[in-house]
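So you can see what is in the structure, the chains are spelled out below.
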Amino acid sequence: MKIQDFKTFMELQAIQQFTNGNNTNANSSRSIFQDMLSELVSVDALEGASQTLGSLLSRVEAETKSFLQPGGMTPMNINPVSIAPADNESSETAPNYDHIISQAASLYNLPEKLIKSVIKQESNFNPEATSYAGATGLMQLMPATAKSLGVDDATDPQQNIMGGSKYLSEMMARYDGDIQIALAAYNAGPGNVDKYNGIPPFKETQNYVQKVYGTFSS
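Numbering of residues starts from 1 in each chain and follows the order in which that chain's sequence is written. Only residues with pLDDT of at least 70 get local features here, since the model is predicted, and only at 80 or more are side-chain atom pairs given and counted; chain-wide, interface and lining totals rely on the full set of residues. Side-chain measures were taken over the full set of non-hydrogen atoms in the model, leaving aside hydrogen atoms and water.

I'm lost on the packing of helix α4 (residues 112-123) against helix α9 (residues 203-217) in this one. Help?
For any two helices packed against each other, one specifies the inter-axial angle together with the distance between the axes. To get an axis, a line is fitted to the C-alpha atoms, and for a helix only the part in contact is used. The angle between two axes follows their N-to-C directions and goes from 0 to 180 degrees. Segments assigned H or I by DSSP are reported as helices when at least four residues long, segments assigned E as strands when at least two residues long, and all are numbered from the N terminus. In contact at an axis separation of 8 Å, α4 and α9 are set at 135° when each is read in the N-to-C sense. Put simply, α4 runs oblique to α9. Handedness of the α4/α9 crossing: right-handed. Contact with α4, carried on its side by Lys-113, Leu-114, Ser-117, Val-118, Lys-120, Gln-121 and Glu-122, involves Tyr-208, Lys-211, Val-212, Thr-215 and Phe-216 of α9 and no other residues of that element. When grouped by side-chain class, the residues that make up the contact of α4 with α9 number five nonpolar, three polar and four charged. An angle below 35 degrees is treated as roughly parallel, one above 145 as roughly antiparallel, one from 65 to 115 as roughly perpendicular, and anything else as oblique. A crossing counts as left-handed when the near helix is turned anticlockwise from the far one by less than a right angle, and as right-handed when that turn is clockwise. Whether two residues are in contact is decided by their heavy atoms, any of which lying within 4.5 Å being enough. Gly is placed with the polar residues, together with every amino acid not listed as nonpolar (Ala, Val, Leu, Ile, Met, Phe, Trp, Tyr, Cys and Pro) or charged (Asp, Glu, Lys and Arg).

Right, here's the structure in full:
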């Protein structure tokens, strides 16, 4: 019930009591008055609660918009997550290795691009790379091979590139400068190349020769 309705009722009640002194009507009016008062209190309470809830929802909505807008509230300071590169990720033209590759190419009479092509396929220029078979470093030297080449630390780029280039040059000399056969020997060993009188029928070795030679020839 609205306040205006209550006011009108009070005015009518006053007029009725003035013109009619009947106690029954007065008691009836008081009863109706109590019912209307209860209804008014109940409605006002509900309206107040509704207004309070509406105000709260409006405030939550405003805070949420502020939170979502650029430059608004932030729950915490979150630093961007930087993803570390994979172990084998590097640059083919890594400047730190270019001078070593140049020295090795000059010393062992090899094309620089051939050395780079082998390094790319073997380790993708990762000096810490290690294969499941135990080969280590940029040119993936096996422990026994590294020892025979005088390489003490296969993870050292200088030693690894020099040792790997020396071994590659030995394979080139052994197979009369045939790059593909030399690459096959570098991957599978000269014993397998001699056994099969050419590139061994190993899928891994065949793919290796194709990829390295393809990079070198491109």
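How should I be thinking about the packing of aromatic side chains in this particular structure?
Aromatic rings in a pair are described by how distant their centres are and how their planes are angled relative to each other. The aromatic pairing rule takes the rings of Phe, Tyr and Trp, using the six-membered ring of Trp, and pairs them if the centres are within 6.5 Å, calling planes under 30 degrees apart stacked, those over 60 edge-to-face and the rest tilted. This model, assessed by the stated rule, comprises three aromatic pairs. Between Tyr-167 and Tyr-186, the ring centres sit 5.5 Å apart and the planes meet at 55°, which makes this aromatic pair tilted. Of this pair, Tyr-167 sits in helix α6 (residues 157-174) while Tyr-186 sits in helix α7 (residues 179-188); the two residues are 19 residues apart in sequence, bridging distant segments of the chain. The same class applies to Tyr-167 and to Tyr-186, which are both buried. Seen in terms of ring centroids, Tyr-213 and Phe-216 are 6.3 Å apart; in terms of plane orientation they differ by 50°. Their pairing is tilted. Taken as a pair, Tyr-213 and Phe-216 lie in helix α9 at a separation of three residues, close to a single helical turn. Three exposure classes are used, based on accessible area relative to the maximum for each residue type with a 1.4 Å probe and protein chains only: buried under 20%, partly exposed in between, and exposed over 50%.

By themselves, these observations are geometric and do not establish any function.
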